[in-house]
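Geometric and topological summary
What follows is the residue order along each chain.
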Amino acid sequence: MKYWVTSDWHLGHKNIIKYCKRSFKNIFHMDTEIIRRFNERVRPEDQVFFLGDFMLRGGREGGVNKKDFYLNQLLCKNIVFIRGNHDRGSNLKTLIQSLVIKYAGNYIYLVHDPQYANSIYPINLVGHVHQHWKFKRLATAMSSTTLINVSVDVWDFYPVALDEIMRQYYWWSKHGKELLKE
């Protein structure tokens, strides 16, 4: 079993293509390609942490429940959804605002919006900022943490395995801004 994280798919959100300069022709192309890339990597027995903004609005469209329409296409069903700012009307009904996991000896805080990062943890996985950066150091008077953006916009529209994130994090910690995507 592998552990994966992702965020900010914005399925069904036509304007996200323009806002984030995504290279998709239309929402059908975007939705099918993101789902294809997810299914290409993630196995049914894996665990996924989805850090918000799965889709734009939920409800029914043409008699079809959009949430179920998208979820039924995913091979892996072991998904923990963390609420994003666009998830309010998506029918995901997640109660989770944030959570802490322990992976490879590290306590890691998972939250959608970086403004709610928790600096008592050395690593925060976040979404929300789309294509603006991949790694960012956040220092306060009392502590320091690293924010890692797991939005599909900085991972070539694929989910990313936690072991890959940790490899890149350790490299970035030693070499600095080379991986910072701004």
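Data block above holds the structure.
This text gives an overview of the structure that appears in the document.

The rules we used
Residues numbered from 1 in each chain as written. Predicted model: local features only at pLDDT ≥ 70, side-chain atom pairs only at ≥ 80, totals over all residues. Heavy atoms only, no water. Helix = DSSP H or I, 4+ residues; strand = E, 2+ residues; numbered from the N terminus. Rg over C-alpha atoms; globule rule 2.2 N^0.38 Å. Buried < 20%, exposed > 50% of the residue type's maximum accessible area, 1.4 Å probe, protein only. Contact = heavy atoms within 4.5 Å. Areas by Shrake-Rupley, 256 points an atom, 1.4 Å probe, with all protein chains shown as cover. Lys, Arg positive; Asp, Glu negative; His and termini not counted. Charge placed at Lys NZ, Arg CZ, Asp CG, Glu CD. Core = buried A, V, L, I, M, F, W, Y, C linked by side-chain atoms within 4.5 Å. Salt bridge = Lys/Arg side-chain N within 4 Å of Asp/Glu carboxyl O.

Secondary structure assignment for the protein yields four helices and eleven strands. For the protein, whose C-alpha radius of gyration is 16 Å, the value lies close to the compact-globule estimate of 16 Å for 182 residues. Structurally, the protein occupies a C-alpha span of about 50 × 30 × 30 Å along its principal axes. Within the protein, the proportion of its 182 residues that are buried is 52%. Across the protein, contacts joining residues at least 24 apart in sequence account for 59% of those joining residues at least 6 apart. Summed over its atoms, the accessible surface of the protein is roughly 9300 Å², and 53% of this surface lies on carbon and sulfur atoms. Within the protein, one finds 26 positive and 17 negative side-chain charges whose respective centroids are separated by 2 Å.

With that out of the way, let us pick up the nonpolar core. Judged by nonpolar contacts, the single largest core of 26 residues is most densely connected at Trp9, Phe38, Phe54 and Leu74. Those elements that provide at least two residues to this core are α1 (14–19), α2 (27–41), β2 (47–50), α3 (66–71) and β5 (79–81). Ranked by residues supplied to this core, first place goes to α2 with four residues. Each residue touching Leu74, except ones within four places of it in the same chain, is listed here: Trp9, Ile35, Phe38, Asn39, Phe54 and Ile79.

With respect to the secondary-structure elements, Met30 resides in helix α2. Sequence spacing of Met30 and Ile17 is 13 residues, and the spatial spacing of their C-alpha atoms is 8.1 Å. Sequence-distant contacts of Met30, that is, excluding residues within four places in its chain, are made with Trp9, His10, Gly12, His13, Ile16, Ile17, Arg22 and Phe24.

Look at His130: it is not a glycine, yet its phi comes out positive at around 50°. Its place among the elements puts His130 in the loop between β8 (123–126) and β9 (135–139). Overall, the relative accessible area of 9% leaves His130 in the buried class. Positive phi outside glycine occurs at Phe157, with the angle close to 65°. In this fold, Phe157 is placed in the loop between β10 (144–149) and β11 (160–161). Residue Phe157 is classed as buried on the basis of its relative accessible area, which comes to 10%.

One can find Phe81 in strand β5. Contacts of Phe81, omitting those with residues within four sequence positions, involve Phe50, Phe54, Leu71, Leu92, Thr94 and Ile96.

Scanning all chains against the criterion turns up seven salt bridges. A salt bridge links Lys67 to Asp68; the nearest nitrogen and oxygen atoms lie 3.7 Å apart. A relative accessible area of 33% means that Asp68 is categorised as partly exposed. Beyond isolated ion pairs, a larger network of salt bridges with shared partners links Glu33, Arg36, Arg37, Glu40 and Asp156.

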